[in-house]
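So the chains spell out like this:
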Amino acid sequence: MIETMNKVVKGFCVGLIVIAAALVPACRSKKAPPAPKVAPTETTASVPNVPTVATTTETRVTNPPDFVQTQTTPQVTVEQLPTDVEELNRVAEQRGYLQDAFYAYDESTLTPDAQAALTASATWLKQNSQYNMLIEGHCDERGTEQYNLALGDRRANSAKEYIVALGIDANRIRTVSYGEERPFDPGHDEAAWAKNRRAHLVIVGK
Amino acid sequence: MKRLALLALFATSLHAQTQIRPEITKQQAATIVRIAVPRPETTLPLDAIEAPFFGPLTRDLAASGVFAIAPIPPNIPPNADLAKAAGADFVLALRITPDAQDDIVEARLVDPTGATQFGRRYRGTPAALSRMAHMLANDLVREMTGKTGIFLSQIAFASNRSGYYEIWLMDWDGSNQRQITNHRALAILPSWSPDNDRMVYTLFSGGRSEMYIINRRGGGRIHVQTGVGLNVSATFSPMSNDIAFVGSIAGNPDIYVVRDDSTNLRRLTTSYSIESTPEWSPNGRQISFTSGRSGTPQIYLMDAEGTNVQRLSFEGEWNDDATWSPSGEEVAYTSRVNGRFQIRIANVITRQSRIIAGEGSNEQPAWSPDGRWIAFQSNRSGRWQIYRMRTDGTDPSQLTFAGENKEPDWSKKSE
């Protein structure tokens, strides 16, 4: 009820303002150019008791700042050439120096096969103390992305813990989880999924 | 609405005006306002206003859930006669006038008695014509419902169409898609700040995942330093400068909160299980999250300090991606049903839930700021794309087509 009253009062006031504006053109803001009439003339001029709301407020519209960053520097295409570490990773993977650990669905515990793979990798790390290691946790596509990012973190860390327990300095090993963002096999069957549930070992420089 | 039209016809204008707002507000969900929208009176060539202004305006109104556009009989000027002839509750009389560098848009809502119920003038350069159309549609929806429309809201998402996953933006209707990060790495999980000015996301680079904040007013990107690993699923508090996220120490992912200036790190969960995917309630008092503590991923709620944990989801053996409706009454989440993910909406108090079934796997729901729509990602086309549907599952439409697109987050405001 009070709201209704307010509306009436408001409508009436607005009506008054509009009428005043129509009667005293000099009162108009100087900025606004002679704007075409919006309210029907008969409403504003001659029927004071009809509170037709000709509330023509003007809004200045500009496009707001956007997140798009303008490119100010000239574009340069850069191509990466393989570094020694990348070459080393290729060789280490081919020859089985470093072996990834694979996991069961929605699991981060190490199977006997995963333990054997990590033991072999730890042996190589022990003999090549000039290198550090990044362990990437990966998941198959069957879960949800956000939960799988957390699951991948747990997988990478279960592999790290195992290698550290075999005598490798924990400071030599970093972990990252890619969840299901970077599958090794893009397929959508169990064979692909099994390949994608892994802790992937990558050699990095000191 | 019939009653409204009758009132408007037979009562005095004073009467009609005092009745309109309460009448509509009470029944806003059930009431559809019939509106006739003739093309604007203008000296400009029609094609200068059709695509930038009239098209977006009529699309917005048709999708508003508030207005139904009435077909217009020919050769009647845009006044009360047209409202009567079209059987419409209102005629939207539009005039576009060029003025120096600007275009001026005048809009009046005229009812069948000839009374003007709404009048507003918008001024801007021709480049701002689309914005004027969306502003007008927003204002018209607010006039009828008391709540502003969503036609200036935007959806952030991750897209790999450039060759890498980067953060992108689009308008609410899928138009104006643009890339806003250029890391050439892996940038995902964008989340809006409550004031629409900032966005937080996770960047994977150099074997690390870190959170960054960008501001649409410039100033470069800010690295949120937490001292813990993972740093994913970041989300701004609606009430403070806090960011909730998933952090991890030694393989134990938990819900953490950190201030946007990298100070005041707090750990909210302490369970040894996996915790992920935090989201604040609209009043900032609660946080929903996913936990594997029962053996499978399920949705839980807790107070914003980490206390008073309650389980929300009991159906299905994998639930994730919980997100609160703007009213705070419901939570939408991803729920596996018969081997496929679907969007489920649960009432926070009663715990009753319903599935919005669709083709393919459907994940990562995001509410529109008015609570009428849900954006989500689906692989129903064979690749991940972003779609939008009403909260009852009707009117689905695909918003992205190039590359793969995922993780939609709808801006909290429409401006």
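Report on the accompanying structure. Please read all numbers here as calculations on a predicted model, not as lab measurements. (Residues numbered from 1 in each chain as written. Chains lettered and ligands numbered in written order. Predicted model: local features only at pLDDT ≥ 70, side-chain atom pairs only at ≥ 80, totals over all residues. Heavy atoms only, no water.)

### Some details on the overall build of chain A
When helices and strands are tallied, chain A shows six helices and five strands. Per-residue burial over chain A gives 38% buried out of 206 residues. For chain A, the accessible area works out to roughly 11900 Å², and carbon and sulfur atoms hold 57% of it. (Helix = DSSP H or I, 4+ residues; strand = E, 2+ residues; numbered from the N terminus. Buried < 20%, exposed > 50% of the residue type's maximum accessible area, 1.4 Å probe, protein only. Areas by Shrake-Rupley, 256 points an atom, 1.4 Å probe, with all protein chains shown as cover.)

### Some remarks on the packing of helix 3 (residues 46–63) of chain B against helix 5 (residues 129–145) of chain B
Residues and elements named next belong to chain B. At a closest axis distance of 8 Å, the pairing of helix 3 and helix 5 adopts a crossing angle of 25°. Relative to helix 5, the element helix 3 lies roughly parallel. Crossing handedness for the pair helix 3 and helix 5: right-handed. Residues Ala-48, Ile-49, Pro-52, Phe-53, Pro-56, Leu-57, Asp-60 and Leu-61 of helix 3 lie in contact with helix 5, whose contacting residues are Leu-129, Ser-130, Met-132, Ala-133, His-134, Leu-136, Ala-137 and Leu-140. Considering only residue class, the contact of helix 3 with helix 5 consists of 13 nonpolar, two polar and one charged. (Axes fitted to C-alpha atoms, helices over the stretch in contact; angles between N-to-C directions. Parallel < 35°, antiparallel > 145°, perpendicular 65-115°, else oblique. Left-handed = near helix turned anticlockwise from the far one by under 90°. Contact = heavy atoms within 4.5 Å. Nonpolar A, V, L, I, M, F, W, Y, C, P; charged D, E, K, R; others polar.)

### Digging into the interface of chain B and chain A
Opposite the 80 residues of chain B that make contact, chain A presents 56 residues. Roughly 5800 Å² of surface becomes buried between chain B and chain A when both sides are summed, with 54% attributable to carbon and sulfur atoms. Of all residues in chain B, the largest losses of buried area upon contact with chain A belong to Arg121(B), Arg123(B) and Arg216(B), amounting jointly to 13% of the total for that side. Note that Glu145(A) and Lys406(B) form a salt bridge whose closest N and O atoms lie 3.5 Å from each other. Applying the counting rule to chain B against chain A returns 27 residue pairs in polar contact (both at pLDDT 80 or more). Counting residues per element, the side of chain B that touches chain A draws most heavily on strand 6 (residues 116–124) of chain B, which supplies nine residues. Its residues assigned to classes, the side of chain B that touches chain A comprises 28 nonpolar, 28 polar and 24 charged. (Buried area = accessible area lost by both parts, 1.4 Å probe. Salt bridge = Lys/Arg side-chain N within 4 Å of Asp/Glu carboxyl O. Polar contact = N/O pair within 3.5 Å; in protein donor to acceptor, adjacent residues only side chain to side chain.)

### Structural notes on the environment of Val331(B)
All names here are of chain B. Take Val-331: it is sitting in strand 23 (residues 330–337). Remark: the alpha-carbon pair of Val-331 and Trp-367, spanning 36 residues in sequence, is separated by 9.5 Å. Setting aside residues up to four positions removed in sequence, Val-331 forms contacts with Leu-312, Ala-322, Thr-323, Trp-324, Arg-344, Ile-345, Ala-346, Val-348 and Trp-367.

### Points about the sheet that holds strand 8 (residues 166–171) of chain B
All names here are of chain B. Judged by pairing direction, the sheet is antiparallel, and its four strands sit side by side in the order 9-8-7-30 without closing on themselves. Of all strands in the sheet, those bounded by a partner on one side alone are strand 9 (178–179) and strand 30 (405–410). Two strands pair when backbone bridges link them, and strand 7 (residues 154–159) and strand 8 are joined in this way by six bridges, in the antiparallel orientation. Note that in strand 8 the partner of Gln-154 across the bridge is Asp-171. (Pairing = 2+ DSSP bridges.)

### Details of the sheet that holds strand 21 (residues 310–311) of chain B
One open sheet holds the four strands; their spatial order is 18-19-20-21 (chain B), and the pairing between them is antiparallel. The sheet terminates laterally at strand 18 (275–280) and strand 21 of chain B, the two strands that pair on one side only. As paired strands, strand 19 (residues 286–291) of chain B and strand 20 (residues 298–303) of chain B are joined by six bridges and run antiparallel to one another. Residue Ile287(B) lies in a different strand from strand 20 of chain B, and its bridge partner there is Met302(B). Set on the sheet, helix 5 (residues 145–165) of chain A makes contact with strand 18 and strand 19 of chain B; between it and strand 18 of chain B the angle comes to about 140°.

### What about the packing of aromatic side chains?
For the structure on display, the rule yields 12 aromatic pairs over all chains. Judged by centre distance (6.1 Å) and plane angle (40°), the ring pair of Tyr105(A) and Trp318(B) falls under tilted. In this pair, Tyr105(A) sits in the loop between strand 2 (101–102) and helix 4 (112–127) while Trp318(B) sits in the loop between strand 21 and strand 22 (319–324), so the two residues belong to two different chains. Exposure remark for Trp318(B): the relative accessible area of 2% places this residue in the buried category. Ring centres of Phe245(B) and Tyr256(B) lie 5.8 Å apart, and the angle between their planes is 25°; this geometry places the pair in the stacked category. Of this pair, Phe245(B) sits in strand 15 (residues 242–249) while Tyr256(B) sits in strand 16 (residues 252–259), and the two are 11 residues apart along the sequence. Tyr256(B) shares its class with Phe245(B); the two are buried. The aromatic ring of Trp373(B) is capped on one face by Arg388(B), whose charged end is 4.5 Å from the ring centroid. (Phe/Tyr/Trp six-rings, centres within 6.5 Å; stacked < 30°, edge-to-face > 60°. Lys NZ or Arg CZ within 6 Å of the ring centre and 35° of its normal.)

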